[in-house]
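# Descriptive analysis of the structure
Below, each chain spelled out in residue letters.
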Amino acid sequence: MKKTMVKILAVLAIVIGGVVSSNAQELGVRFGDVSGGNVAIDGIFSTGQFSRIHADVSFGDGVGVDLLWDFLYRPLSGEAFNWYVGVGPYMRIDDPFWLGAIGEIGLEYHFNSIPIALGIDWRPALSIIEDTDFHAKGFGFNVRYVFGQ
């Protein structure tokens, strides 16, 4: 139990430090199937005009961390709808420990009059460590506050 708490605090310190030092453009929650439960803290960090980092930290069944690089992020029609595709590592700190690769494809809507973004996505995952397994049920709904709008 003590080792688990130390791991959880270490992950929280890294995530909070990253959010504080890198000016998150969007921050909110993700509901659905995530690495460590059914709810996650969801953040978006811009890396260019059409790419970004999409990070989640979830609690429940251990602590889960998803860190995706959305390498394709494009407007769908006008300014409000965007679609994105990404890939990256994920881990779940629990017993057993899980590590693998996760993909993402999603659609989001940015409101023009209020600083809110709503999105849906699908995240299939390939577990490599503890067991090798493919997980295809990763559907989620995102609600994020958009900073600087």
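Residues numbered from 1 in each chain as written. Predicted model: local features only at pLDDT ≥ 70, side-chain atom pairs only at ≥ 80, totals over all residues. Heavy atoms only, no water.

### Regarding the packing of aromatic side chains
Tallying each qualifying case throughout the model produces five aromatic pairs. Centre to centre, the rings of W69 and F71 are 5.5 Å apart; their planes meet at 55°, and the pair counts as tilted. Under the relative-accessibility criterion, W69 is labelled partly exposed at 44%. Taking 4.9 Å as the distance between ring centres and 85° as the angle between the ring planes, the aromatic pair formed by Y109 and F111 counts as edge-to-face. In this structure Y109 comes out as partly exposed when scored by relative accessible area, which is 28%. Taken together, the aromatic side chains of F81, Y109 and F111 make up a single cluster linked through ring pairs. Residue placement shows R52 over the ring face of Y84; its charged tip is 4.4 Å from the ring centre. (Phe/Tyr/Trp six-rings, centres within 6.5 Å; stacked < 30°, edge-to-face > 60°. Buried < 20%, exposed > 50% of the residue type's maximum accessible area, 1.4 Å probe, protein only. Lys NZ or Arg CZ within 6 Å of the ring centre and 35° of its normal.)

The values are spatial; any link to function lies outside them.
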